[in-house]
Amino acid sequence: LSIHETEKALPLYRQAAEIARLVLGEDHPTYAVDLENQALLLYETGLADQALTLIREANRIQNLYLEKNFSYLVPSERERLTGIMSHKFDVYNSIIYSDSRSGLSYTGLAYDNELVHKGMILNSENAMKDAILNSGDTILTTRYAGLQMTRRRIMALEQSQGSPREMDSLARRA
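Residues numbered from 1 in each chain as written. Predicted model: local features only at pLDDT ≥ 70, side-chain atom pairs only at ≥ 80, totals over all residues. Heavy atoms only, no water.

Student: I keep staring at the overall build of the protein and nothing clicks. Help me out?
Tutor: In terms of regular secondary structure, the protein is built from 7 helices and 0 strands. Helices and strands appear in the protein in the N-to-C order α-α-α-α-α-α-α. Burial statistics for the protein: of 174 residues in total, 31% are counted as buried. Taking the contacts inside the protein whose residues are at least 6 apart along the sequence as the reference set, 56% of them involve residues at least 24 apart. Of the roughly 11,200 Å² of accessible surface on the protein, 57% is carried by carbon and sulfur atoms. (Helix = DSSP H or I, 4+ residues; strand = E, 2+ residues; numbered from the N terminus. Buried < 20%, exposed > 50% of the residue type's maximum accessible area, 1.4 Å probe, protein only. Contact = heavy atoms within 4.5 Å. Areas by Shrake-Rupley, 256 points an atom, 1.4 Å probe, with all protein chains shown as cover.)

Student: Can you walk me through the pattern of salt bridges in this structure?
Tutor: Pairing of side chains with opposite charge becomes possible as their charged atoms draw close. With the rule as written, the count across this model stands at 5 salt bridges. Measuring nitrogen to oxygen at the nearest pair gives 2.5 Å for the salt bridge that ties Arg21 to Glu18. Note that Arg21 and Glu18 are positioned in helix 1 (residues 3–24) at a spacing of 3 residues, about one turn of the helix. As a salt-bridge pair, Arg21 and Glu26 come within 3.5 Å of each other at their nearest N and O atoms. A single network of salt bridges, built from pairs that share partners, joins Glu18, Arg21 and Glu26. (Salt bridge = Lys/Arg side-chain N within 4 Å of Asp/Glu carboxyl O.)

Student: It is not clear to me how the nonpolar core should be interpreted in this structure. Could you clarify?
Tutor: Judged by nonpolar contacts, the single largest core of 28 residues is most densely connected at Tyr31, Leu35, Leu66, Phe70, Leu81 and Met85. Those elements giving two or more residues to this core turn out to be helix 1, helix 2 (29–44), helix 3 (48–69), helix 4 (75–98) and helix 5 (103–133). Tallying contributions element by element places helix 3 first for this core, with 7 residues. Contacts of Met85, omitting those with residues within four sequence positions, involve Gln62, Leu66 and Met120. (Core = buried A, V, L, I, M, F, W, Y, C linked by side-chain atoms within 4.5 Å.)

Student: Looking at this structure, how should I read the confidence of the model for the protein?
Tutor: Segments scoring low in pLDDT should not have their predicted coordinates read at a detailed level. Summing up the model confidence of the protein, the mean pLDDT is 80 and the portion of residues at 70 or higher is 82%. Per-element averaging of pLDDT across the protein places helix 7 (residues 164–173) at the bottom with 66 and helix 2 at the top with 92. (pLDDT = per-residue confidence, 0-100.)

Student: Before we go on, may I ask you to explain the environment of Ser98 in this structure?
Tutor: Of note, Ser98 is situated in helix 4. Relative accessible area serves as the criterion here: at 41%, Ser98 is assigned to the partly exposed category. Along the chain, Ser98 and Ala48 lie 50 residues apart, while their C-alpha atoms are 9.5 Å from each other.

Student: Which parts of the structure should I look at to understand the packing of aromatic side chains?
Tutor: The geometry of two aromatic rings is summed up by the distance between their centres and the angle between their planes. Across all of its chains, the model carries 1 aromatic pair by this definition. Plain terms: the ring middles of Phe89 and Tyr92 are 6.1 Å apart, the flat faces sit at 55° to each other, and that makes the pair tilted. A residue pair is termed a helical-turn pair when its members lie 3 or 4 positions apart in one helix, as Phe89 and Tyr92 do in helix 4 at 3 residues. Accessibility assignment for this pair places Phe89 and Tyr92 in one class, buried. (Phe/Tyr/Trp six-rings, centres within 6.5 Å; stacked < 30°, edge-to-face > 60°.)

Student: What should I look at first to understand helix 3 in this one?
Tutor: Because an α-helix packs 3.6 residues into every turn, residues spaced three or four apart end up facing the same way. With 22 residues, helix 3 ought to run about 32 Å at 1.5 Å a step, and its terminal C-alpha atoms sit 31 Å apart, in line with that. Buried residues of helix 3: Ala48, Ala51, Leu52, Leu54, Ile55, Ala58, Asn59, Ile61, Gln62, Asn63 and Leu66, and no others. (Expected span 1.5 Å × (residues − 1).)

Student: Please explain the side chain of Gln38 as it appears in this structure.
Tutor: In this fold, Gln38 is placed in helix 2. Among residues more than four places away in sequence, those in contact with Gln38 are Tyr13, Arg14, Ala17 and Leu54.

Student: Would you explain the environment of Thr30 in this entry?
Tutor: Relative to the elements of secondary structure, Thr30 occurs in helix 2. For Thr30, a relative accessible area of 36% puts it in the partly exposed group. As a C-alpha pair, Thr30 and Gln62 span 32 residues in sequence and 9.5 Å in three-dimensional space. For Thr30, the residues in contact, after removing those within four places along its chain, are Ala20 and Leu24.

Below you can see the structure in the form of structure tokens.
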């Protein structure tokens, strides 16, 4: 965007964020997206300090949303959300790391984002395991145990440079 276009766009981004805040509330993910949009525009125009402030707030809102909702999502929604948040955290972190003035508090934020992302992945896997093992469905739990055993065998073969044919055979069975 040119400077003139940026000057026109920024008030509209701020207006959209204000509407989202008033209608949906300060902890709504849509409001966070509006803050992100403003932050990216500010960052691109060299106003990194203002961008970092908005990124911090958007990040807080996104993490709050994850904390409240992630465990209630079905696996396909978790996977989708993990992909979206992974991208958002990458954007946040690239802004944080590219500005030498961001300081340790922002570096800590980037580190926390990585932990949250890894936790989402682990939480998904553990929730699925618990649901299967506590289902009372012996066929399902037996199938799950078989898949876990196959997974361990594939990992062992990969570490020992096992034959591709054997790994393909195991993967097809899984």
